[in-house]
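Okay, here's what each chain looks like letter by letter:
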Amino acid sequence: METPSINDLNICVATENGSGSASSNNILFKAIFKMGIPCSSKNMFPSNIQGLPTWYQIRASAEGYLSRKDDIDVMVMFNDATAAKDIYRVRDGGLILYDDSNPLPAQLKREGVQYVGFPANKLVAKLVPASPLRAKQRNMLYVGALAYLFGIDMEVIKAVLEDAFGKKPAVIESNLICIDAGYQYMKEKGFSQNIARLEVIPNGNKGKIITEGNTVAALGAIYGGASVICWYPITPSSSLAEAMEFYLPKLRKLKDGKKTYAIVQAEDEIASAGMIAGAGWAGARAMTSTSGPGLSLMNETIGLAYYAEIPCVFFIVQRGGPSTGLPTRTQQADISLMYGASHGDTRHMILIPHDMNSCFDFARQSFNYADRFQTPVFVAMDLDLGMNLWPSEPLKLQPEPFDYGKRLSAEQLEEWSKAGKKFRRYFDQDGDGIPYRTVPGNQNRMASYFTRGSGHDADARYSEDETDYKYILDRLRKKFETARKFVPKPVVEKERGVKTGIICYGSSYEPVREARDRLKAAGLKTNHMLIRALPLTSEVRDFLVEHETIYLVEQNRDGQMAAIIKDENPDLGSKVTSILVYNGLPVAAGEVVRQIFDAAQLAQPKTA
């Protein structure tokens, strides 16, 4: 028999979407977190409201790993439609918890796993009167059953319920009755298992919070000064704007009660992009949130904001594509689309968070970048970061100064006039590619200019002259090159003498962190670079130069980041091998390890 591991467990709950399992799963996950055990959750849900399969994985990791685990130790089999496949998702020696109110069909019996059955339907029928609530309360029974099997104290469960429903004692009581029924049934029958035990780690998660990327990005945008938010609902970005609707009234209101912000749900993505471009032109800190299909619709307005040099921020929460694709699955497949959004020659700044704190920090900083460089800025998230719950260090919620860049006041223009200088809206005064700007309301007579999305010269006059057009495009490129010196630099971890490197970005960070430990245990030491922004900084080229073999992990089919790196470093591009995961699921470390070893084996010289 196996020796139970301590605080190393992966549970997968298979249910129907809309069955109420989200509440049950969150209670179970938060109870493990409250025990001080490092843990993470991954929700794989369908793109409908009710009826299709959903899987929710909860991972407890004594090593502190937060990525999706390759192997499932325990399957809660509560969906008949997927049961035939779910029994084979569990590793050999794993456990299947199922409802045995009816006999288990012969085709669902598998050798090499432990079956634990309990009559969930019969138990809930005794506890809950016939109502739509009964089906949802049934899920609470597996919370109690798992709590008994793996050592979660009922007092911890009760504390989680009180945190969630503190002002609703009747809800706490009804849930607790069902959870306790599952717990007591397991106890009375004497069920046991040898897979794992969950044990309290005193102060294990002290000071940490549980949150999701969309929520903390919304808070970051608020602390970054966002005052105009225009959006159109689209999965998986809607909850970002909804979080702003929740927090702005609490955090951004004058003493007289007047609002200092505007939130507009536009008629479509095209309108929302136009609205933020107009607000950015007027001097407001303006933003939208969307995903790939919405970004496609916004392309023409993005081009206008790029060429007319209007600051605005686009939060792109990436999902499976192309087209509508897999709207509730995760990917990193819109990097190319963001980088060159719109038609013609464009290049855009992209901030790429990888955890909860960087979601907050980059959201806040994005408005300073947009104002400083007078350009659209993208914050590239994904569904895994945005919608799954993550443990995190507390956010740094103190305000930071706003950087409005080269925005001239009436007083500054008066000083220019006295010094004999002329305000030229699209002229490079300082050699960095960034012109000076004024906003409506500036009373100085020199402040006015025509905003040009069409061809224009350095003085904002309409022009189709080829020299003027080339000057503007070259200056925009120079501005982009200036940005390389200011965007967040990569995080590099390296040891002297190691010649193999791994590059990743965004939510690929956690599986790569775990994969590097596995590779090291197997005899392959690696250095690591986490890219946090585009344009690429000089540190990326340095990393390429310093290593003989480089694996670049990303979540798309075509190696979009690899293409950018190779395009900018053609002499070093042959060193880069793409490790690609694009099945829509959060990346698991085992897949990264497998692909790296496969690639390394292929690279070995063949002997006669």
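Refer to the structure presented above.
Please read these numbers as outputs of a predicted model, since none were measured by experiment.

What exactly am I supposed to notice about the side chain of serine 289 here?
Looking at the element boundaries, serine 289 is found in strand β12 (residues 286-290). Judged by relative accessible area, which is 2%, serine 289 ranks as buried. Excluding anything up to four places from it in sequence, serine 289 contacts Cys230, Trp231, Tyr232, Ser237, Leu240, Ala241 and Phe315.

What is the right way to look at the nonpolar core in this model?
Among the nonpolar cores identified, the biggest contains 53 residues, and Leu97, Phe118, Tyr142, Leu146, Ile152, Ile157 and Leu198 are the most heavily contacted of them. For this core, the leading source of residues is helix α4 (residues 132-150), giving nine residues. Counting 48 residues, the second largest nonpolar core, distinct from the first, contains Leu295, Ile350, Met529 and Leu544.

Teacher, can you tell me more about the sheet that holds strand β14 (residues 349-351) here?
Whether parallel or antiparallel, the strands of a sheet pair through hydrogen bonds between backbone atoms. Strand order in this open sheet of seven strands is β11-β10-β12-β13-β15-β14-β20, and the pairing throughout is mixed. The open sheet has two edge strands, β11 (262-265) and β20 (533-534), and neither has a second partner. With two bridges connecting them, strand β10 (residues 228-231) and β12 associate as parallel partners. Opposite valine 228, over in β12, you have alanine 286 as the bridge partner. This element, helix α9 (residues 269-281), spans β10, β11, β12 and β13 (312-318) of the sheet and lies at about 160° to β12.

Even after reading the chapter, I still don't get the pattern of salt bridges, so can you show me in this structure?
Considering all chains together, one arrives at 37 salt bridges under this definition. Between lysine 69 and aspartate 8 there is a salt bridge whose closest N-O contact spans 3.5 Å. Taken together, the positions of lysine 69 in the loop between β4 (53-61) and β5 (72-77) and aspartate 8 in strand β2 (residues 8-16) put the pair 61 residues apart, joining distant regions of the chain. A relative accessible area of 32% means that aspartate 8 is categorised as partly exposed. A salt bridge links lysine 34 to aspartate 163; the shortest N-O distance between them is 2.9 Å.

Please explain the pairing of strand β6 (residues 90-99) as it appears in this structure.
A regular strand places its side chains on the two faces of the sheet in alternate fashion. Counting buried positions along β6 gives eight out of 10 residues, so the element sits mostly inside the fold. Sheet topology places β5 next to β6; five bridges connect them, and they run parallel. In the sheet register, methionine 75 faces β6, and the bridge partner there is isoleucine 96. Looking at chain direction, β6 and strand β7 (residues 114-118) are connected through five bridges and run parallel. Bridged to leucine 97 within β7 is valine 116.

Explain the environment of tyrosine 98 here, please?
Note that tyrosine 98 resides in strand β6. Here tyrosine 98 is in contact with Met77, Phe78, Leu104, Tyr115, Val116, Gly117 and Phe118, once residues within four sequence places are set aside.

Help me out: how do you make sense of the packing of aromatic side chains in this one?
The description of an aromatic ring pair rests on the distance of the ring centres and on the angle between the ring planes. Per the counting criterion, the structure on display carries 14 aromatic pairs. Above the plane of the ring of tyrosine 404 lies arginine 407, whose end atom (NZ or CZ) is 4.3 Å from the centre.

Can you walk me through unusual backbone geometry in this structure?
Most peptide bonds adopt trans geometry, and most residues besides glycine take a negative phi value. Residue threonine 235 is joined to proline 236 through a cis peptide bond whose omega torsion reads 5°. Looking at where proline 236 falls in the secondary structure, it is placed in the loop between β10 and α8 (238-251). Between leucine 534 and proline 535 the backbone carries a cis peptide bond, its omega angle lying at 10°. By secondary structure assignment, the location of proline 535 is in the loop between β20 and α18 (538-546).

The rules behind each value
Residues numbered from 1 in each chain as written. Predicted model: local features only at pLDDT ≥ 70, side-chain atom pairs only at ≥ 80, totals over all residues. Heavy atoms only, no water. Helix = DSSP H or I, 4+ residues; strand = E, 2+ residues; numbered from the N terminus. Buried < 20%, exposed > 50% of the residue type's maximum accessible area, 1.4 Å probe, protein only. Contact = heavy atoms within 4.5 Å. Core = buried A, V, L, I, M, F, W, Y, C linked by side-chain atoms within 4.5 Å. Pairing = 2+ DSSP bridges. Axes fitted to C-alpha atoms, helices over the stretch in contact; angles between N-to-C directions. Salt bridge = Lys/Arg side-chain N within 4 Å of Asp/Glu carboxyl O. Phe/Tyr/Trp six-rings, centres within 6.5 Å; stacked < 30°, edge-to-face > 60°. Lys NZ or Arg CZ within 6 Å of the ring centre and 35° of its normal.

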